[in-house]
Amino acid sequence: MVKIGLLGCGTIGSGVVELLGKEWCQKQQLSIEKILVRNLNKHNSTSYGYKLTNNFEDILKSDIDIVVEVMGGTDPAYFYVKQSLLQGRHVVTANKDLIARHGMELQKIAHQNGVRLLFEASVGGGIPIIKPLSESLAANNITEIRGIVNGTTNFILSRMGNSGRSYETALKEAQQLGYAEASPEADVQGYDAARKLAILSSIAFQESVNYEDIYIEGITNITNDDISLAKYLGYSIKLLALSRRNRHGIMARVSPVMLKNAVPLAQVADVYNAIIVKGDAVGDVLFFGQGAGKLPTASAVVGDIFDIVRHNIGSCSPENSALQDMPLAKVDMADSKSDFFIRLKPTHRFDAMNEVAGQFQRFEFVFPDMVKLGKAIDQNQIIFIAYGVLEKDIQQRIALLKSSGKIESILSIIRMEEEL
Ligand code: HSE
């Protein structure tokens, strides 16, 4: 019998308990020995008959083979996971904060102690992506990762687009459905997506990408007008996580982008995630599925448990680890180019248009037909698309526009991207 100690019994933890309780799962001779929870009273009635404890020492004292960490956050998860590995227990975790911050160190400890650390559920919820990236695509030089890796923001943007819901109402709905992180900032400000991008990029490029080096912009400034105008132009707005490797280093960013409706990622709606990996041998590979939620995430966690149970022998060498010892990546996007959709409120309309023409070499004004747009928007705004602007230049040009005195405020700046 393989004994499991579960750290946390919230949304994901109860999903893991549910899946491991299924008949076919039980045939694998797995048993949940103990569950660590913060508040015993809160969980006594929902413990499914398993032994609960609020003392981590109880987990290690029990004869546990695999510790499953589904608490989230890094404190105390980092300490618990480290102790478990040091004491020779395999660890399965769904925790992207933990892996993005301490993944390489923990994987080293796992190796030194002859055990495994698996974290499939940390990116993409139920989508298998860590293992395909580190094993199935190992023959490739991977040059690009692009994906929608946060279910909450994709759900919010889809709801705002489909039903005209406000940002606040859509966020509340996502929270009620159990998609959002404990603090919505992690989702809506793009931090969650950046942590996932750091994990994927490190594995793909074999250089350690620090998530704090990733350029991050969330969705809190996206308005219903932006979404309607995007639709009018044939685009959808998505929170895109993008990293590319070139000769100089790695470009990595998380930001809202307008994607042409015809490209696959633009079609990814609600809580679904999708990730496109570009390899030199395989070309583009698309991974798609539910990126958050109880059972999809638990599916990935239980998959890792099965992996350990079935393939443990000889699998603990660093060569078999997704996050091998690797050098720190140089992450910089200053020299990459994007097209930008920009809306601004002028003080003097024609002078402001002249300023735009002075600042941007290639640009196009947009004059939306209100009937086709299907809603009334403030007529006193200038909308334009600036083409092929270097990231290191865009803020400077916007600052010059602002300082011209012809512009009252900048309403939106959104990158536009066509998938290659
Ligand atoms: N809050 C995360 C999301 C959960 O919405 O994608 C899954 O990582």
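In this report, the structure presented in the accompanying data block is examined. Sequence positions are assigned chain by chain, starting from 1 and proceeding in written order. The model is predicted, so local features are restricted to residues of pLDDT at least 70 and side-chain atom pairs to those at 80 or more, both for listing and for counting; the totals for chains, interfaces and linings are taken over all residues. The basis for the side-chain values is all heavy atoms of the structure; hydrogens and waters are excluded.

As judged from the eight bridges shared by strand E11 (residues 272-279) and strand E12 (residues 283-290), these two strands associate in the antiparallel manner. Note on E12: the bridge partner recorded for Ile 275 is Phe 287. Here, a strand pair is defined by DSSP locating no fewer than two bridges between the strands. Secondary structure counts use DSSP, requiring at least four H or I residues in a row for a helix and at least two E residues in a row for a strand, with both numbered from the N terminus. The turn linking E11 back onto E12 is made up of three residues.

As a further point, take the site of the ligand. Surrounding the ligand, one finds Lys 96, Val 149, Asn 150, Gly 151, Thr 152, Tyr 179, Glu 181, Asp 187, Asp 192, Lys 196, Gly 291 and Ala 292. Side-chain atoms alone can form a polar contact between residues adjacent in sequence; in general such a contact is a pair of N or O atoms within 3.5 Å, and within protein one must be able to donate a hydrogen while the other accepts it. For the ligand, an oxygen atom lies 2.6 Å from a polar atom in the side chain of Lys 96. Between an oxygen atom of the ligand and a side-chain N or O atom of Thr 152, the distance comes to 2.6 Å. Using a 1.4 Å probe, accessible areas were evaluated by the Shrake-Rupley method; residue-level cover was limited to the displayed protein chains. Notes on the ligand: free accessible area 250 Å², of which the protein chains cover 92%. For the shell around the ligand, the class distribution of residues is three nonpolar, four polar and five charged. Whether a residue is near a molecule or strand depends on its heavy atoms: it is near if one of them lies within 4 Å of it. Residue polarity follows a fixed list, in which Ala, Val, Leu, Ile, Met, Phe, Trp, Tyr, Cys and Pro are nonpolar, Asp, Glu, Lys and Arg are charged, and the others, Gly among them, are polar.

Within the open sheet, the six strands sit side by side as E3-E2-E1-E4-E5-E6. Their pairing is parallel. Where the open sheet ends on each side, the last strands, each with one partner, are strand E3 (52-53) and strand E6 (117-118). Where strand E4 (residues 66-69) lies against strand E5 (residues 90-93), four bridges are found, and the strand directions are parallel. Residue pairing in the sheet places Val 68 in a bridge with Val 92 of E5.

Below, the discussion takes up helix H14 (residues 349-359). When we look at burial in H14, the residues that qualify are Ala 352, Met 353, Val 356 and Gln 359. For H14, the arc enclosing every buried residue in end-on projection is 125 degrees, short of the 170-degree limit, so these residues lie on one face. Those residues of H14 that are exposed and aimed more than 90 degrees away from the buried face are Phe 350, Asn 354 and Gly 358. By definition in these notes, contact holds between two residues if any of their heavy atoms fall within 4.5 Å. Packing partners of the buried residues in H14 comprise strand E13 (337-346), strand E14 (363-366), strand E15 (382-390), helix H16 (391-403) and strand E16 (407-417). Relative accessibility thresholds used throughout: buried, under 20% of the residue-type maximum; exposed, over 50%; partly exposed, between the two (1.4 Å probe, protein chains only). This arc describes the spread of directions from the helix axis toward the C-beta atoms.

Moving on, we get to the side chain of Gln 381. Within the secondary structure, Gln 381 is located in the loop between helix H15 (370-373) and E15. By relative accessible area, Gln 381 is classed as buried at 5%. With near-sequence residues (within four places) excluded, Gln 381 lies in contact with Arg 343, Leu 344, Pro 346, Arg 349 and Leu 411.

Secondary-structure assignment places Ile 414 in strand E16. Here Ile 414 falls in the buried class, since its relative accessible area comes to 2%. Sequence spacing of Ile 414 and Arg 349 is 65 residues, and the spatial spacing of their C-alpha atoms is 21 Å. Apart from the residues within four sequence positions on either side, Ile 414 is in contact with Ile 222, Asp 226, Ile 237, Pro 256, Val 257, Met 258, Asp 339, Phe 340 and Phe 341.

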